[in-house]
Amino acid sequence: MGRIRASNSAVADRIGAVLPSDIHAHAVLTGSSPSSGQLFKASPTDVQLHFNEPVRTVRATVSLRNGESQDLASWGAGGDVTIGGASESGIG
């Protein structure tokens, strides 16, 4: 049995050497347009989001000042996603 344990340990060491030591489960937002904190006189018609890896948009909504939410359209490919189309006058 000592050999089996040693063998399993050697396999685990080899697997550990192949796998990355730092694994992230979620994409990270790397930028947006308009940028964070930017002020507007009118709502933008869409927002572009840039991620560090490909993402798939499942649902996009905007929270309105009156407490309601509104679904948005989303499109894009890879790590670049655009959301918008809440209303003709812009998002929100």
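Residues numbered from 1 in each chain as written. Predicted model: local features only at pLDDT ≥ 70, side-chain atom pairs only at ≥ 80, totals over all residues. Heavy atoms only, no water.

**Points about the overall build of the protein chain**
Then step 1. Scanning the protein chain from terminus to terminus reveals 1 helix and 6 strands.
Then step 2. Counting helices and strands in the order they occur from the N terminus, the protein chain gives α-β-β-β-β-β-β.
Then step 3. For the protein chain, buried positions account for 15% of its 92 residues.
Then step 4. When contacts within the protein chain are restricted to residue pairs at least 6 apart in sequence, long-range pairs at least 24 apart make up 45% of them.
Then step 5. For the protein chain, the exposed surface amounts to about 7500 Å²; the carbon and sulfur share of it is 52%. (Helix = DSSP H or I, 4+ residues; strand = E, 2+ residues; numbered from the N terminus. Buried < 20%, exposed > 50% of the residue type's maximum accessible area, 1.4 Å probe, protein only. Contact = heavy atoms within 4.5 Å. Areas by Shrake-Rupley, 256 points an atom, 1.4 Å probe, with all protein chains shown as cover.)

**Section: the confidence of the model for the protein chain**
Then step 1. Here the protein chain shows a mean pLDDT of 74. Residues at 70 or above account for 65%.
Then step 2. Taken element by element, the protein chain is modelled with least confidence in helix α1 (residues 2–18), mean pLDDT 43, and with most confidence in strand β1 (residues 29–33), mean pLDDT 92.
Then step 3. Confidence over residues 1–21 falls short of pLDDT 50; this stretch has 0 contacts with residues more than four positions distant or in other chains. (pLDDT = per-residue confidence, 0-100.)

**Digging into the nonpolar core**
In summary, soluble globular proteins display a tendency toward joint burial of nonpolar side chains.
Then step 1. With 7 residues, the main nonpolar core is built from Val47, Leu49, Ala60, Val62, Leu72, Val81 and Ile83.
Then step 2. Only β2 (46–51) and β6 (80–84) provide two or more residues apiece to this core. (Core = buried A, V, L, I, M, F, W, Y, C linked by side-chain atoms within 4.5 Å.)

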